[in-house]
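# A closer look at the structure
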Amino acid sequence: MLRVLRVRAFRRLYGAQIVALLGTGLATVALGLLAFELAGDHAGQILGTALAIKMVAYVFVAPVATALVAALPRRAVLVGSDVLRLAVALCLPAVTEVWQVFVLVFVLQAASATFTPTFQSVIPDVLTDEDDYTEALSLSRLAGDLEQVVSPTLAAAMLVFVSSSTLFYGTAVGFAGSAALVLSVVIPRVAAPEVGPTVAGGAPATFWRRVIRGAALFVATPALRPVLALNLVVATGGAFVIVQTVVVVRSVFGLPESAVAWVLGANGLGSMAAALLLPRVLRVVAERRVMLVGAAGVTVATALIPAALSIADPAWGVAGVCILWVVIGLAWASAETPVARIIRRSVGRPDLPAVFAAQFSLSHACWLVTYPLVGWLGSASLTLTAAVLAVIAGAATVVAAVAWPRRATSVAALRITAE
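Residues numbered from 1 in each chain as written. Predicted model: local features only at pLDDT ≥ 70, side-chain atom pairs only at ≥ 80, totals over all residues. Heavy atoms only, no water.

### Brief notes about the environment of Val-326
Convention followed: Helix and strand definitions follow DSSP, with helices as H or I runs of at least four residues and strands as E runs of at least two, each counted in order from the N terminus.
For Val-326, the position within the fold is in helix H12 (residues 314–336). It is 4.3 Å that separates the C-alpha atoms of Val-326 and Gly-270, two residues lying 56 residues apart in sequence.

If you want it as structure tokens, here you go:
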């Protein structure tokens, strides 16, 4: 997998991704400490609201921002997004009110919602070989998983010597490093996508065509329609793991706080295993089979959660949960990671930013639904929550299997006018 790092442009872009992720991880730890400083025992409400703001920014800002910057050089968009995130990070240590946290979090996530789809659209132009691109996707997945482990460790080490607010300066350094690395790479320019003739009113109509173009291409492209259902599958199992792990460990099995990190780590371990295995697997197994097996794995593992929760012995119970979390991580990554390959193959180069933005927005829309669903249902019954999620995941898996075309269809020549 490390062979792809020999490509200088990708190596630097990957470095930019890693330092930005480390910075984001430090900000996550620092935000939790800042929330506790501002609200004490009510810090969870602040963090929950901040998470909702993050999802709203991802869902609604990504397609609009992509349309706004469509005519700009992608390197300028990436660097500008990093500079904006850096500025927010420098402002966060001065926060004294809760509303200021919410405003800054929205700006930070809006910048990320601009950066990420643009970054994703650049990699296919840097790595034209499909095997290289697959390895890049797996490395990107691996970077995200490692960030969940490395950032908290780095934050803990820093807190021995500095105050919690100083972590935000570490975040700023990460975004500055990302911007510097992006500036060192020559990024190919692509022609702006054609969006049909201008109608009465001129520019506004063209702008809104650009906003909805990515979603329109998703609906119009047979190869992309199953992705919509798979996004929901991923968000079901993933939301239960992220939202309810602390409840499962602390309340159901009565284990200490340290056990929460170990159980969450099991999920990351499964995802990392998929990242390491997928480049080889996808050389011999079709994406359809890999992704549908992954979706089925999420469904089955989620359906088995009530059985694990019913185990009386805490040690055996949490061991059962860890096994399921590994399976969900492995299956989640298997269903999600190959999506970029399908987008790259199915969409013309000028439309890649719009479609990656649409995928970014639509996938997070699923999380915006499942996060509160898991939270509210979970407060009544974890068993019922897992059962409901398993049914949703199973139905979405069936929809994806039925919608999946037997033969890939390219839409490079499609003209979506969205009149």
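### Here's the deal with the pattern of salt bridges
What counts here: Salt bridges are counted wherever a side-chain nitrogen of Lys or Arg sits within 4 Å of a carboxyl oxygen of Asp or Glu. Each residue's exposure class comes from its accessible area (1.4 Å probe, protein chains only) as a fraction of the maximum for that residue type: buried when under 20%, exposed when over 50%, partly exposed otherwise.
With the rule as written, the count across this model stands at eight salt bridges. Across the salt bridge formed by Asp-125 and Arg-74, the nearest N and O atoms sit 2.8 Å from each other. Taken together, the residues span a long stretch of sequence, with Asp-125 in helix H4 (residues 98–126) and Arg-74 in helix H3 (residues 74–91) at a distance of 51 residues. Comparing Asp-125 with Arg-74 shows no difference in burial state: the two are buried. For the salt bridge of Asp-131 with Arg-283, the shortest nitrogen-to-oxygen distance reads 3.9 Å. Here Asp-131 is found in helix H5 (residues 130–159), whereas its partner Arg-283 is found in helix H9 (residues 257–284), with 152 residues between them in sequence. Connected via shared salt-bridge partners are Glu-130, Glu-287, Arg-341 and Arg-345.

### What about the nonpolar core?
Spelled out, the test is: Among buried residues, those of type Ala, Val, Leu, Ile, Met, Phe, Trp, Tyr and Cys that are joined through side-chain atoms within 4.5 Å constitute a nonpolar core. Any two residues having at least one pair of non-hydrogen atoms within 4.5 Å are treated as being in contact.
Counting residues in each nonpolar core, the largest one holds 88 residues, and the members touching the most others are Phe-10, Phe-240, Trp-325 and Ile-343. Examining the composition of this core, we find that 11 residues originate from one element, helix H8 (residues 225–252), more than from any other. If we ignore the near neighbours within four places in the chain, the residues touching Trp-325 are Phe-240, Val-241, Thr-245, Val-263, Ala-266, Asn-267 and Ile-305. Counting residues in hydrophobic clusters, the runner-up holds 18 residues, among them Leu-92, Val-101, Leu-108 and Phe-168.

### Concerning the packing of helix H10 (residues 287–303) against helix H15 (residues 382–403)
Here is the rule we go by: Axis definition: a line fit to C-alpha positions, over the contact stretch in the case of helices; interaxial angles, taken between N-to-C directions, run 0 to 180 degrees. Relative orientations are named as follows: roughly parallel for angles under 35 degrees, roughly antiparallel for angles over 145 degrees, roughly perpendicular for angles from 65 to 115 degrees, and oblique for any other angle. By convention, the crossing between two helices is left-handed when the near helix turns anticlockwise from the far helix through less than a right angle, and right-handed when the turn is clockwise. Each residue gets one of three labels, nonpolar for Ala, Val, Leu, Ile, Met, Phe, Trp, Tyr, Cys and Pro, charged for Asp, Glu, Lys and Arg, and polar for the others, Gly among them.
The N-to-C vectors of H10 and H15 enclose an angle of 165 degrees; their axes lie 8 Å apart at closest approach. In terms of axis orientation, H10 runs roughly antiparallel to H15. Here H10 and H15 pass one another in a crossing that is left-handed. Here H10 contributes Arg-288, Leu-292, Ala-295, Ala-296, Thr-299, Thr-302 and Ala-303 to the contact with H15, which in turn contributes Ala-386, Leu-389, Ala-390, Ala-393, Gly-394, Thr-397, Ala-400 and Ala-401. Grouping the amino acids of the contact of H10 with H15 by side-chain chemistry returns 10 nonpolar, four polar and one charged.

### Some remarks on a nonpolar patch on the surface
Defined as follows: Patch rule: a residue counts if its relative accessible area is over 30% and it has no salt bridge; like charges are joined within 9 Å, and nonpolar side chains (Val, Leu, Ile, Met, Phe, Trp, Tyr) within 5 Å. Here the open area of atoms and residues is found with the Shrake-Rupley method and a 1.4 Å probe, where only the protein chains shown may cover a residue.
Where nonpolar side chains cluster on the molecular surface, the patch consists of Leu-276, Leu-277, Val-281 and Leu-330 and spans about 330 Å² of accessible area. It is H9 that contributes the most residues to the nonpolar patch, three residues altogether. The residue Leu-277 is located in helix H9 in this model. Relative accessible area serves as the criterion here: at 51%, Leu-277 is assigned to the exposed category.

### Remarks on the environment of Ala-335
Along the chain, Ala-335 turns up in helix H12. It is 4.0 Å that separates the C-alpha atoms of Ala-335 and Met-291, two residues lying 44 residues apart in sequence. With sequence-adjacent residues up to four places away left out, Ala-335 is seen in contact with Leu-230, Val-234, Met-291, Gly-294 and Ala-295.

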